[in-house]
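These are the residues of each chain, in order.
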Amino acid sequence: QVQLVESGGGLVQPGGSLRLSCAASGFTFSRYAMNWYHQVPGKERELVASISSTGGSTNYADSVKGRFTISRDNTKNTVYLQMNRLKPEDTAVYYCKASRMDYWGKGTQVTVSS
């Protein structure tokens, strides 16, 4: 069974950093591009960052470019999102998802507040 378990969220002050992790299982992780999304109550889930199956290519939403870094470790079946210089508008539940699949973890809450 496909399983995605996000972790690493929490409460952080503006300008702070967090590193999110998503542990994947139940599929051949190294064959799939991986993605981080976030969702704010009342709004559509939005794509934040993507990484190709090998990690050789990444893409970011304009709102996070230069602040967030997506990476993966295919030996650990894990994708990461390093979040730096966090802003209050980054507050959301963050989810990971494999491209071409419709499986989601429970998400991890990130709250940026002073």
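Refer to the structure above for everything that follows.
Residues numbered from 1 in each chain as written. Predicted model: local features only at pLDDT ≥ 70, side-chain atom pairs only at ≥ 80, totals over all residues. Heavy atoms only, no water.

(A) Broad picture of the overall build of the protein. The helix and strand tally for the protein stands at zero helices and ten strands. Its helices and strands taken in sequence order, the protein reads β-β-β-β-β-β-β-β-β-β from the N to the C terminus. Taking the principal axes of the C-alpha coordinates as reference, the protein spans close to 40 × 25 × 20 Å. For the protein, the residues scored as buried account for 39% of the 114 residues in total. A sequence separation of at least 24 residues applies to 51% of the contacts in the protein between residues at least 6 apart. Of the charged side chains in the protein, 13 are positive and 8 negative; the average position of the first set lies 6 Å away from that of the second. (Helix = DSSP H or I, 4+ residues; strand = E, 2+ residues; numbered from the N terminus. Buried < 20%, exposed > 50% of the residue type's maximum accessible area, 1.4 Å probe, protein only. Contact = heavy atoms within 4.5 Å. Lys, Arg positive; Asp, Glu negative; His and termini not counted. Charge placed at Lys NZ, Arg CZ, Asp CG, Glu CD.)

(B) Geometry of the sheet that holds strand β5 (residues 46-51). In spatial order, the strands read β2-β10-β9-β4-β5-β6; together these six strands make up an open sheet with mixed pairing. Taken across any chain shown, the strands that pair with only one partner, and hence form the sheet edges, are β2 (10-12) and β6 (58-60). Averaged over all adjacent pairs, the angle separating strand axes in this sheet is 25°, with direction ignored. Summarising the sheet, strand β4 (residues 34-39) and β5 pair through five bridges and their orientation is antiparallel. (Pairing = 2+ DSSP bridges. Axes fitted to C-alpha atoms, helices over the stretch in contact; angles between N-to-C directions.)

(C) Here's a closer look at the pairing of strand β7 (residues 68-73). Only one face of β7 is buried: it carries Phe-68, Ile-70 and Arg-72, and the other face, with Thr-69, Ser-71 and Asp-73, is open. In the sheet, β7 pairs with strand β8 (residues 78-83) via six bridges, with the strands oriented antiparallel. Residue pairing in the sheet places Phe-68 in a bridge with Met-83 of β8.

Spatial relationships are all this shows, so hold off on functional conclusions.
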